[in-house]
Amino acid sequence: MKINSETKYCQTCGIPLDIDYASLKEGQNEEYCDYCLKNGVKLYDFSMDYLIYLWGLFPEEYYREVGISHTSLELREIMSKRLPEIKRWKQKINTVHVQYKLIIKVQEYINCHLFDDLDSERLSQVAGISKFHFCRLFKAVCGDSPGNYIFRLRLEYIAFKLISTDISVPELLGQINYQNKHTLSRAFKSYFNCSIPEFRKKHSNVCLEGKNPIRVELSLEKVPNMRIAYLKLERRNNIGHSFSVLWKQLLQFYENYDLSSKGCKYVSLTLDYPLITSEEHSRFMIGVTLPQSFTPPKGFGIYEIPSGEYAIFRFKGLYHELNRAYRYIYLDWLPTSDYTLREPFTFETYINTPEKTPASELITDIYIPVTKKEI
């Protein structure tokens, strides 16, 4: 069989269809191969990635059906390009993209109304889908139920306020509209395995002399809003692998559009609380700053980092030492400075990258949104 631009493929398995369209009989199906048609087009109850993997296991079956010989690697590469354009898998990809956008919308709503009365009924209305469908979809994307997710975010927000400010528990309760002190104490101890006073003591100043334990350069600047194209990392079992895959996509996007010549920077935006949230629960966006007129390709989200005053800490060194910088910023610098946080979320920009720079020479700017303390 010769493969050309006119060749049609089975809309389930991706095999080329050898159909004489000039003498097509009335009622004859022209979208599926005989096997998929006889066994039902929904026969394959597994992912597109697994189907690509299976084709690589049985290249001789492809040869027997099509008469073209490929190695396992070649066949997987072919199917990796072909299947996303086939009806069944294209529908699935589009559906997943729409569903993911719905959950992003709900997460943004939760972030803005964290201590409001949030239940599945209200959140399903925000998503515009049924309560049952919403709960199932939310857990599939986030790895947890809406109730557990909100419970975690509330306690981590409270914990972060406790170590980054000198606010008293009664004052904090008044700000966040939590139930009461006793309910908070029980929930806090259950989640963090220690009481609130013990937690504060554990996260007291890192350096009692008030000296910087690492080398950072501080500047305070008013920063204009930044428009970024981003990919978002959610909780996953293999977070390191997921992070690596996203960065490869981002690097390719950056190079394909020659964004370095436009002065664009790599950005990482945390959606959780430094020093509080565990790695397996971390949520963050990685992206690239964009010119205002630039439209990124499908698959990237657009986010506006708001303008305002930022304390910018320039750190030189290995990425795995950044946590030490954050400990200094939040536990040493912030409590003794004339500033307080405007919001908990921070972001980083990367002045150079590991591909072209020795690890010890990497430069990271950490942006902390701040405002002057009221006297």
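Rules of the game
Residue numbering note: each chain is counted from 1, following its sequence as written. A pLDDT threshold of at least 70 governs which residues receive local features in this predicted model, and a stricter bar of 80 or more applies before side-chain atom pairs are shown or counted, although totals over entire chains, interfaces and linings include all residues. Here the side-chain values reflect all heavy atoms present in the structure, with hydrogen atoms and water set aside. Numbering of helices and strands runs from the N terminus; a helix is a DSSP stretch of H or I covering at least four residues, while a strand is a stretch of E covering at least two. Helix span, expected: 1.5 Å multiplied by one less than the number of residues in the helix. Any residue under 20% of the maximum accessible area for its type is buried, any over 50% is exposed, and the rest in between are partly exposed; the area is computed with a 1.4 Å probe on protein chains only. Note: the arc covers the axis-to-C-beta directions of the helix. By definition, residues are in contact when any of their heavy atoms lie within 4.5 Å. The working definition used for a salt bridge is a side-chain nitrogen of Lys or Arg within 4 Å of a carboxyl oxygen of Asp or Glu. Between any two strands, pairing holds if DSSP finds at least two bridges. Patch membership requires over 30% relative accessible area and the absence of a salt bridge. Like charges are linked within 9 Å, and nonpolar side chains (Val, Leu, Ile, Met, Phe, Trp, Tyr) within 5 Å. To measure how exposed things are, a 1.4 Å probe is used in the Shrake-Rupley method; for residues, cover is taken only from the protein chains shown. On a scale of 0 to 100, pLDDT captures the predictor's confidence in every residue. In this description, a nonpolar core means a group of buried Ala, Val, Leu, Ile, Met, Phe, Trp, Tyr and Cys residues linked to one another through side-chain atoms lying within 4.5 Å. For the purpose of charge, His is not counted, nor are the chain termini; Lys and Arg are scored as positive and Asp and Glu as negative. To locate a charge, the coordinates of NZ of Lys, CZ of Arg, CG of Asp or CD of Glu are taken. In this analysis, rings of Phe, Tyr and Trp, with Trp reduced to its six-membered ring, are considered paired at centre separations within 6.5 Å, and the interplanar angle assigns stacked below 30 degrees, edge-to-face beyond 60, and tilted for intermediate values. Axis lines are fitted through C-alpha atoms, for helices just across the contact stretch, and the angle between N-to-C directions can take any value from 0 to 180 degrees. Angles below 35 degrees are treated as roughly parallel, those above 145 as roughly antiparallel, those between 65 and 115 as roughly perpendicular, and all remaining angles as oblique. Two helices cross in a left-handed way if the nearer one is turned anticlockwise from the farther one by less than a right angle. They cross in a right-handed way if the turn is clockwise. Amino acids are sorted into nonpolar (Ala, Val, Leu, Ile, Met, Phe, Trp, Tyr, Cys and Pro), charged (Asp, Glu, Lys and Arg) and polar (every other residue, Gly among them).

## Quick notes on helix α10 (residues 181–192)
Here α10 is twelve residues long and its end C-alpha atoms lie 16 Å apart, about the 16 Å a rise of 1.5 Å per residue gives. Three or more residues of α10 are buried, namely T183, L184, A187, F188 and F192. For α10, the buried positions fall inside an angular range of 130 degrees around the axis, keeping them on one side. Those residues of α10 that are exposed and angled more than 90 degrees off the buried face are H182, R186 and S190. Looking at the buried residues of α10, the elements they touch are α8 (146–164), α9 (169–176) and α11 (196–202). Positioned one or two residues after α10, N193 has a phi angle of 60 degrees, which is positive.

## Examining the pattern of salt bridges
Scanning the entire structure with this criterion turns up six salt bridges. For the salt bridge of K316 with E361, the shortest nitrogen-to-oxygen distance reads 3.0 Å. Remark: E361 occurs in the loop between β8 (347–350) and β9 (363–372) and K316 occurs in strand β6 (residues 308–316); sequence separation between them is 45 residues. The class for E361 is partly exposed, based on a relative accessible area of 35%.

## Topic: the pairing of β6
With eight bridges joining them, strand β1 (residues 216–223) and β6 adopt antiparallel strand pairing. Within β6, the position partnered with L220 by the bridge is A311. Relative to β9, β6 is paired through seven bridges, and the arrangement is antiparallel. In the strand pairing of β9, I312 is matched with Y367.

## Thoughts on a nonpolar patch on the surface
A surface patch of nonpolar side chains, amounting to about 390 Å² of accessible area, comprises Y50, Y53, L57 and F58. Relative to the helices and strands, Y53 resides in helix α2 (residues 48–57).

## A look at the confidence of the model for the chain
Chain-level statistics for the chain give a pLDDT mean of 81 and a share of 85% at 70 or above. Mean pLDDT in the chain bottoms out at helix α12 (residues 239–256), which sits at 72, and peaks at β6, which reaches 94. Scored below 50 in pLDDT, residues 207–212 shows two contacts in the model against residues more than four places distant or in partner chains. In this model residues 235–239 is a low-confidence stretch, pLDDT under 50, and it forms twelve contacts with partners more than four residues away in sequence or in other chains.

## Side note on the nonpolar core
Within the largest apolar cluster, 61 residues are counted, with the highest numbers of intra-cluster contacts made by I110, I158, Y178, F313, Y330 and I368. Once residues within four sequence positions are removed from consideration, I158 is found in contact with F115, L172, I176, Y178, L184 and F188. Core analysis: the second largest hydrophobic core is formed by 19 residues, C33, Y62, V66 and L83 among them.

## Description of a negative patch on the surface
A cluster of acidic residues, D116, D117, D119 and E121, forms a negative patch on the protein surface. D119 sits in the partly exposed class, given a relative accessible area of 37%.

## Remarks on the packing of aromatic side chains
On inspection of all chains with the given rule, the structure shows 22 aromatic pairs. Both rings, one in W55 and one in Y62, keep their centres 5.6 Å apart while their planes meet at 90 degrees; by these two values the pair is edge-to-face. Pair check on accessibility: W55 and Y62 agree, each one buried. Judged by centre distance (6.4 Å) and plane angle (80 degrees), the ring pair of F151 and Y191 falls under edge-to-face. Residue F151 is located in helix α8, and its partner Y191 is located in helix α10; the two are separated by 40 residues in the primary sequence. Residue classification places F151 among the partly exposed positions, given a relative accessible area of 35%. On the basis of relative accessibility, which here comes to 28%, the residue Y191 falls in the partly exposed class.

## Structural notes on the packing of α2 against helix α4 (residues 72–82)
At a minimum axis distance of 8 Å, the contact between α2 and α4 shows a crossing angle of 150 degrees. Considered as vectors, α2 and α4 are oriented roughly antiparallel to each other. Crossing angle aside, the handedness with which α2 passes α4 is right-handed. Of the residues in α4, those in contact with I52, Y53, W55, G56 and L57 of α2 are S72, L75, R76, M79 and S80. Grouping the amino acids of the contact of α2 with α4 by side-chain chemistry returns six nonpolar, three polar and one charged.

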